[in-house]
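# Coordinates in review
Residue strings, one per chain:
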Amino acid sequence: MDLSTGWTSVGNGNFASASGSIPIFTVPSLLNTQIVAIKISTENAKPTWYTGAWLDQKVLTGLDGSTPWITFSEKIGLGGNIIVFPQVIFNYSIDISFPNYFKNVSVGVWIQ
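Quick look at the structure, then.

Rules used throughout
- Residues numbered from 1 in each chain as written.
- Predicted model: local features only at pLDDT ≥ 70, side-chain atom pairs only at ≥ 80, totals over all residues.
- Heavy atoms only, no water.
- Pairing = 2+ DSSP bridges.
- Helix = DSSP H or I, 4+ residues; strand = E, 2+ residues; numbered from the N terminus.
- Axes fitted to C-alpha atoms, helices over the stretch in contact; angles between N-to-C directions.

Right, let's get into the sheet that holds strand β8 (residues 104-111). Sheet strands associate in pairs through backbone hydrogen bonding, adopting either a parallel or an antiparallel arrangement. An order of β1-β8-β3-β6 is seen for the four strands of this open sheet, with the pairing classed as antiparallel. In this open sheet, the two edge strands, each paired with only one partner strand, are β1 (8-16) and β6 (79-84). In this sheet, neighbouring strand axes are inclined to one another by 15° on average, regardless of whether the strands run parallel or antiparallel. The sheet contact formed by strand β3 (residues 35-41) and β8 spans six bridges and is antiparallel. Residue pairing in the sheet places Ser41 in a bridge with Ser106 of β8.

Here's what the structure looks like:
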């Protein structure tokens with residue numbers, strides 16, 4: 001996945017957990033684009049590991065206080081993923097959660 005032209009990084013990180021699960025990664029800014037690229041990698045991945053993470057697109061509606069509504073959820077694979085959200089939504093956030101069996105993970109998020 002070549003992200004050298006036309007893509008802007010909006011969040012990345014390296015996370016590890018010796019015991020338990022890796023915490024949810026929230027992209028640190030609100031997004032306004034329908035296409036997002038996400039790269040997930042982990043050391044020592046087994047050949048049977050296809051799931052890299054679960055992605056939730058969230059919006060604040062103002063209807064029930066400060067609880068965001070999940071408007072889109074998808075399981076994404078290890079490696080590079082291009083996500084095309086089915087609706088154009090402005091000012092949304094992304095939460096990314098990882099499988100419990102990951103001991104470490106690297107994640108990067110880009111927009112066009």
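Glancing now at unusual backbone geometry. For Asn44, which is not glycine, the phi dihedral falls at a positive 55°. Assignment of secondary structure puts Asn44 in the loop between β3 and β4 (51-59). Positive phi outside glycine occurs at Asn91, with the angle close to 60°. Within the secondary structure layout, Asn91 lies in the loop between β6 and β7 (92-97).

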